[in-house]
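Inside the fold
Here is what each chain is made of, one letter per residue.
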Amino acid sequence: MNTTPLRRRLAAAAATSVLLLTAGACATTSDTTSDSAASSTTVTTTDGTAATDATTVSATATALDDTHAQTDDADYDTAGATTITLADDASTVDGAGATVDGDVVTISTAGTYLIAGILSDGQVVVDSAGDGKVVLVLDGADITSASTSPLVVTAADEAVVVLADGTTNTLADAAASSADDEDEDAPTATLFSMADLTIAGTGSLQVSGTSNDGIAGKDGLVILSGTITVDAVDDGIRGKDYLVVEDGDITVTAQGDGLKSDSDTAGELGWVLLDGGTVTASGASDGIDAVGAVYVAGGTLVVPSSGEGVEAAVITIAGGSVDVTASDDGLNATTGATAGGGEEVQEGVSLSVTSGTVTINAGSDSIDSNGSVSLTGGTTVIASATVAGGGGTGAFDANGTLEAPAVLTVPTDGIEVGQLVSILDSDGTVVSEFAVTTSTSSALVAAAGVTAGETYTVTVDGVELSSLTATDASTAGGGGGFGGPGGGGPRPDFDQDDDA
C-alpha cells in the first residue's frame, strides 16, 4: 500500500464509465484517519450554525435492539379490542378508551383499536398519558383532513400502527394543513407522532403529504413491515431520533428528502438504518439524509432520482443492495459544513463499504467524503457521465484516507441493462459479478481477490468479453487525475418546517 499525504480523487478513464469496486488489494492515500474517538476541529456552516461533531457517531451499523420496537409489534388480539367505525358525521366507538366529537375521534388510553371506514374531512387523535402501547389496527381506513393531519399521536408511551392483512389504507391532508406548522410541536406530517412510532403488518398504506412531510415522528420511527407508498411536498418519511426499516416494500416520492433523520442533539445525532425490505426513495434534495449516520445492513435501496443520493456524516454499507442516481454526489459523507476551502478533513466523517452491492450514477462525485473512504468489501459499480474528473467531479473525492482496491478497465459498450457481468481469475473462479443497471461505454473494475499485475477474464451472461490486466488503484486516475475541492457544503434543505 502506498501512503501519500494528499487529498485524492480517483477518476475513471472515460467520460462515460462504470467503476466497479470490490474488496481486494487496496491502495491507501493520505495519512488521515477517521477514528470516531478523535477530537474534532470546530467549524461552522455558512449560516453560522455549529457543524455536526461526527466524532460521536459510530461507523458500526446499529440494530433493531437499539430502538424502541419489538419484532412482534405487529401481533395483536381482537379480544377486548375497541372497534372504531369511521363515517362522516356518524363515526362510532364500540368499547373503551375512545370518544367521538363530530368528525374527530380521540383515543385516550393504551390498548388495541380496530379502525375502519371513511372520513372525508376528519381526524383520529391519540392522546394517551398513561403507560402502555397504543395499537392502531388500520383495517380499511381512509382518512382525509382539509385543515390538519388526519392521524396524529400527540401523547403516548409508544404507538404502533398495524396494517391489517389484505387491506388498503389511505391517509391524506391538504395544503391548508400547513397553516399551523410553525407552532411548537405542530403536526407537520400526514401521519405524525410525538411518541416512538412503529409501523407493521402485511396490509398497505398510502400517504399523501400535500402540506409538508408524509410520515414523521419526533422520537424514533421503525417500519417492521407493510407496503407503504408516500408522496410528499417536503420529506417523505422522517424519524427525528432514528428511522429504521426492517422489512416491507416502501416507495417514497418527495420534494425534500426521501428518508430522513434530523436530530442534531450532541451525542444523539439522527441515524437511518436499512436492515431489510425494499425501499425506493426519490428526493428532490436527498434520497436519504441523516445528520449522524446512514447504515445499510441488508435489504434493497433504490434511489431513482435525487440531488444527492445518500448523505450523512457517516455512511456504512455492510450488506444489501444500493442503487443510487443523483444529479450531484452519489454518496456524500459530510458534517454539512465547509472548512478550509472544502479540503480540510472533517474528523469522524467516514464512508465505508464492507459488503453488499452498490451502484451509483452521479452527476458530480460518485463517492465523496470530507473524511475517509474505505472500500474493503462488497461490489461497487459507478456509472457517471462526469466521472472522468476535473472541477470537483469524479469517482472518488476524499479529503482524508482513501482505501480502494486494484482496478480493471472493462469495455461495456453493447452490454444491455440487466445482463450479468462476471470477473474471473486465472483459475476460472468468479471474484465478482453484477447486473448492469445503466448503459455505459466502459467499466473500471476492482474486485475481491484482484491483484495489480494479474490478468482476469470478463464475461457477460457467461460469454467471454475480454482479458484484462489489473492496475493499482492509485495509478488509475485517467484524464481526471487527483485533486480538486471536495463536497460537503451546507446541505440544501427544502423550505419547510423540519422541527418535528
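Parameters at a glance
- Residues numbered from 1 in each chain as written.
- Predicted model: local features only at pLDDT ≥ 70, side-chain atom pairs only at ≥ 80, totals over all residues.
- Heavy atoms only, no water.
- Helix = DSSP H or I, 4+ residues; strand = E, 2+ residues; numbered from the N terminus.
- Buried < 20%, exposed > 50% of the residue type's maximum accessible area, 1.4 Å probe, protein only.
- Contact = heavy atoms within 4.5 Å.
- Areas by Shrake-Rupley, 256 points an atom, 1.4 Å probe, with all protein chains shown as cover.
- pLDDT = per-residue confidence, 0-100.
- Phe/Tyr/Trp six-rings, centres within 6.5 Å; stacked < 30°, edge-to-face > 60°.
- Pairing = 2+ DSSP bridges.
- Axes fitted to C-alpha atoms, helices over the stretch in contact; angles between N-to-C directions.
- Polar contact = N/O pair within 3.5 Å; in protein donor to acceptor, adjacent residues only side chain to side chain.
- Salt bridge = Lys/Arg side-chain N within 4 Å of Asp/Glu carboxyl O.

**Describing the overall build of the chain**
Each helix and strand counted, the chain has zero helices and 41 strands in total. Taking all 500 residues of the chain together, 58% fall into the buried category. Partitioning the contacts of the chain with sequence separation of at least 6, the portion at a separation of at least 24 is 62%. Carbon and sulfur atoms form 47% of the exposed surface of the chain, whose accessible area is close to 17,300 Å².

**Describing the confidence of the model for the chain**
Overall, the prediction assigns the chain a mean pLDDT of 83, with 78% of residues at 70 or greater. The low-confidence segment residues 1–19 (pLDDT under 50) makes 105 contacts with residues lying over four places distant or belonging to another chain. Overall, residues 476–497 carries pLDDT values under 50, and its contacts beyond four positions in sequence, including any with other chains, amount to 83 contacts.

**Structural notes on the packing of aromatic side chains**
Applying the stated criterion across every chain, the model contains two aromatic pairs. Taken together, the ring pairs in this structure connect Tyr242, Trp271 and Tyr295 into an aromatic cluster.

**Details of the sheet that holds strand 41 (residues 463–469)**
If you trace the four strands from one edge of the open sheet to the other, you get 38-37-40-41, paired in antiparallel fashion. The open sheet terminates on both sides in strands that have one partner only, identified here as strand 38 (430–435) and strand 41. The mean angle between the axes of side-by-side strands here comes to 20°, regardless of whether they run parallel or antiparallel.

**Side note on the pairing of strand 3 (residues 82–86)**
Within a regular strand, side chains alternate between the sheet's two faces. Every second residue of strand 3 is oriented toward a common face, the buried set being Thr82, Ile84 and Leu86 and the non-buried set Thr83 and Thr85. Across five bridges, strand 3 lies against strand 7 (residues 111–119) in parallel orientation. Its bridge partner lying in strand 7, Thr85 is registered against Ala116. Both strand 3 and strand 4 (residues 92–94) contribute to a ladder of three bridges, which runs antiparallel. Paired with Thr85 across the bridge in strand 4 is Thr92. Where strand 3 folds back on strand 4, the antiparallel hairpin that results is connected by five residues, among which Asp89 adopts a positive phi of roughly 60°.

**Re the side chain of Arg238**
Positionally, Arg238 belongs in strand 19 (residues 237–239). Among the residues examined, Arg238 registers a relative accessible area of 0% and is labelled buried. Engagement of the side chain of Arg238 in a polar contact is seen with the side chain of Asp235, the distance being 3.5 Å.

**Quick word on the pattern of salt bridges**
Taken as a whole and assessed by the stated rule, the structure comprises seven salt bridges. Lys260 is the partner of Asp235 in a salt bridge, and the nearest nitrogen-oxygen pair spans 3.6 Å. One end of the pair, Asp235, is in the loop between strand 18 (227–232) and strand 19; the other, Lys260, is in strand 22 (residues 259–261), with 25 residues separating them in the sequence. Like Asp235, the residue Lys260 is buried in the burial classification. Through salt bridges with shared partners, one network takes in Asp213, Asp235, Arg238, Asp257, Lys260 and Asp262.

**Observations concerning the environment of Ile360**
Along the polypeptide, Ile360 turns up in strand 30 (residues 350–362). Judged by relative accessible area, which is 0%, Ile360 ranks as buried. Along the backbone, Ile360 and Ala395 are 35 residues apart, and their C-alpha atoms lie at a distance of 9.4 Å.

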